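The lines below spell out each chain.
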Amino acid sequence: MKRNEDTRVVVGMSGGVDSSVAALLLKEQGYDVVGIFMKNWDDTDDNGVCTATEDFDDVVRVCNQLDIPYFAVNFEKEYWDNVFTYFLNEYQSGRTPNPDVMCNKEIKFKAFLNHALSLGADYLATGHYAQVRNTGSSFEMLRGADNNKDQTYFLNQLTSDVLAEVMFPLGHMTKQDVRAIAKERDLVTASKKDSTGICFIGEKNFKSFLREYLPAQPGLMKTMDGTEKGWHEGLMYYTIGQRQGLGIGGSGEPWFVLGKNLKDNILYVGQGFDNDKLYSDGLIASDVNWINNMTEKTFTCTAKFRYRQKDSGVTVTQMEDGCVRVAFHEKQRAITPGQAVVFYDGQVCLGGATIDTVLKEGETLAYVG
Amino acid sequence: MERIYMDHAATTPMDKRVAEAMTPIFTEVFGNPSSVHAFGRLARQYLDSARRTLARSIQAREKEMIFTSGGTEADNLAIIGTAMANRDKGNHIITTMQEHHAVLDAVQYLEEQGFHVTYLPVNETGIVSVDKLKEALTDETIVVSVMYVNNETGVIQPIEAIGSLLKDHQAMFHTDAVQAFGLLDIDVNREGIDMLSASAHKINGPNGIGVLYAGDDIAMASMQFGGEQERKRRPGTENIPAAVGFKRALELAMEYKLVRNDVYEQYKQTFLEALANHNIRYYVNGDAEQTVPSIVNISFPGTNVETLLTNFDLDGVAASSGSACTAGSVEPSHVLAAMFGRGDERITNSIRFSFGAFNTIDNVSEAADRVAEIIKRLTNERRQET
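The structure displayed is predicted, hence computed values, not measured ones.

Looking at the overall build of chain B
In step 1: The number of helices and strands found in chain B is eleven helices and 14 strands.
In step 2: What you see for chain B is a C-alpha radius of gyration of 21 Å, in line with the 21 Å of a compact globule of 386 residues.
In step 3: Taken over the C-alpha atoms alone, chain B extends approximately 70 × 50 × 35 Å along its principal axes.
In step 4: Restricting the contact set of chain B to residue pairs at least 6 apart, pairs at least 24 apart contribute 75%.

Looking at the UniProt feature "domain: tRNA-specific 2-thiouridylase MnmA-like C-terminal" (unreviewed entry) in chain A
In step 1: Mapped onto this numbering, the UniProt entry gives "domain: tRNA-specific 2-thiouridylase MnmA-like C-terminal" (unreviewed entry) at residues 280-355 of chain A.
In step 2: The straight-line gap between the two end C-alpha atoms of residues 280-355 of chain A is 13 Å; of that span, 0% is helix and 64% is strand.

Brief notes about the nonpolar core
In step 1: Counting residues in hydrophobic clusters, the biggest one holds 109 residues, and the most contacted among them are V211(B), L212(B), Y213(B), A243(B) and F246(B).
In step 2: Of all the elements, helix α7 (residues 240-255) of chain B adds the most residues to this core, at eight residues.
In step 3: Lining this core are residues from two domains, each supplying at least three of them: domain 1 (4-12 + 257-385) and domain 2 (16-254) of chain B.
In step 4: Residues within four places of Y213(B) in sequence aside, it is in contact with I58(B), A60(B), E64(B), M65(B), V188(B), M195(B) and L196(B).
In step 5: Among the nonpolar cores identified, the runner-up in size contains 101 residues, and L155(A), F168(A), M173(A) and I355(A) belong to it.

As for the UniProt feature "domain: tRNA-specific 2-thiouridylase MnmA-like central" (unreviewed entry) in chain A
In step 1: Within this numbering scheme, the UniProt entry marks residues 207-271 of chain A as carrying the feature "domain: tRNA-specific 2-thiouridylase MnmA-like central" (unreviewed entry).
In step 2: Along residues 207-271 of chain A, the helical share is 11% and the strand share 35%, with 24 Å between the first and last C-alpha atoms.

Focus: the interface of chain B and chain A
In step 1: Of the residues lining the interface, twelve residues belong to chain B; the matching set on chain A comes to 16 residues.
In step 2: Only α9 (305-314) and α11 (361-385) of chain B provide two or more residues apiece to the side of chain B that touches chain A.
In step 3: Tallying contributions element by element places α9(B) first for the side of chain B that touches chain A, with six residues.
In step 4: Classifying every residue of the side of chain B that touches chain A gives three nonpolar, six polar and three charged.

Concerning the domain arrangement of chain B
Residue and element names in this part refer to chain B.
In step 1: Parsing chain B into structural domains produces domain 1 (4-12 + 257-385) and domain 2 (16-254).
In step 2: Taking only C-alpha atoms, the centre of domain 1 and the centre of domain 2 are 28 Å apart.
In step 3: In this complex, domain 1 contributes 27 residues to the contact, which on the side of domain 2 involves 25 residues.
In step 4: Looking at the side of domain 1 that touches domain 2, the elements with two or more residues in it are α8 (257-277), β10 (295-299) and α10 (334-340).
In step 5: The biggest single contributor to the side of domain 1 that touches domain 2 is α10, with five residues.
In step 6: Looking at the side of domain 1 that touches domain 2 residue by residue, the classes come out as ten nonpolar, 13 polar and four charged.

What counts, and where the lines are drawn
Residues numbered from 1 in each chain as written. Chains lettered and ligands numbered in written order. Predicted model: local features only at pLDDT ≥ 70, side-chain atom pairs only at ≥ 80, totals over all residues. Helix = DSSP H or I, 4+ residues; strand = E, 2+ residues; numbered from the N terminus. Rg over C-alpha atoms; globule rule 2.2 N^0.38 Å. Contact = placed C-beta atoms within 7 Å. UniProt positions renumbered as here; feature names shortened; annotations may be inferred. Core = buried A, V, L, I, M, F, W, Y, C linked by C-beta atoms within 7 Å. Buried ≥ 20, exposed ≤ 12 C-beta atoms within 10 Å, placed from the backbone. Domains from an automatic or database assignment. Nonpolar A, V, L, I, M, F, W, Y, C, P; charged D, E, K, R; others polar.

Written out as structure tokens, the structure is:
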């Protein structure tokens, strides 16, 4: 086996505390560490300063503190073609995409991984909260030890082959540990705020961001039985189960988005968090990825339908057309087309898929998605 | 692993003799040259002596040399300073698409201030056309700025032809000579140059000092205020140790000019031949006849700049794409884009190697071996993928 000092590890560094500590830990373990910053998006802040420049400056400072070389690589074109275009298309279809899942699949663990390998790297490391386990015959992905930070949901499209070349140095740690190490070692990123939301939108207003790229088509809001409840600003601005921003007054329980009718540009709304129309008992998902080959046609496991949600029991059936049919053991609220469904067997993440269709008592919920 | 520096067009290692000339000045010649006492006068002597050496190297007069903080400031002052002071004569400025950003960003600023700017194209060999310049000239033209040697390709521009074209025109002719100064024979009178920028750290001198030659008769607005220094064109207490270092660096450059040109040409040929011997597919960008020996810009088909530069550095070869970076990532070269057009592959796969004092025949050929190994590995990987 190669000694650590002969093992080159490229660390994807964002300028945040997680990737900073990931690099620090690898450096302390004696690896030949190379820090690389990915520039995926060209944007300036209110003062006209390129936001990526600020983040890269932090990467530079941290790498100098750690005495490791640093570089940058530009994937703006790849990001635009593979992630942002998908993101816009999904919104245009009235769905709620997950660009982070796509970014991990197409950019970080494909384009960036290839870049790392072209630099003679043995491994690519990132600051994700997830763990890789070598079973001897394959590589599995386990949830991060920090339950609250586990990021396997976003990594569900990785495969055993990719995991063989990946390290997650923070996988066994809690965010608190990571912050403490950064602070103790006086890393400049120690108290930097965690990035929130989608990287290219940042702190900006989501609606005005989307408006720059997609024409909004205002239309009617209606209850499921056809009563008009005012106007919506464009279906793409709403997601299933959303409460905020509907602007429906009056008495009684709060109003929620129940679904969308894309053809007639209608947003369906209804009252009550637990509105029956928000509940479903199954789904069909495409873009199915199994981290390791899944031979069983039907099996039981747990699943997450959104990030940070608790697992729920499901029965998964692999279908002829490559999609999966997922039956919930308990009804689920606000299943959202475009989001990922991610499967687990205990601590092991089995893989995931993109939710296309939501089912209730065997019927497709036509108003969802 | 021995690191090999092949990026002298970015900056150069300081010559030890320059450092030696500067060292005593820091502690012994500390007077302010504007002071009316012996300490000040001593400092003033060193400053004037440096100014004289710089002036003579380009056949200019001592009082026509304005010390600045470097090439960027010299370019800025030349272009913005003269444009602002000559507004009454017109509002048109001509430059080229392949200038350094110290010029491009300065004229862009002037555009925002209401000036009209023409950006001349260059041909595929990286040379600006004098005929195109002739066509662009109007009665409104007040400044023409064309670089002496391009910093990315090393291509020498037709300065004398431009100078003679402008002889009977009101426009002032500025040239950014940062890559030519101390390496080529420059005569501002013969070549009809009104303003010329140069920088010390490109010729094994200290960082933080440059010079702007501006003919005696040039009306120029200052961009900073606060004193009488540099004939009010660039107020601020002078940097005597740096001026002494600049002088010494230039003396050495002039003394060894012929030798250096020969040696760098040898380095360039050694490097290119070694690549050819390794069967590397490459193209040299820019006119082969009209290029300084210290710079070679090479396109490696089937590769890309970022992967190349990172690999080179990890293997101890320091080169550059010659172009600006944002957030550490390399932007497509505006110079190569001007030569080849925006969509051309060469824009994304070309590297600038620049030779200088750090180099020896041995380390240049060692660098070529390392570069060749990397290119082979990358292009083989690429072939296997497809």
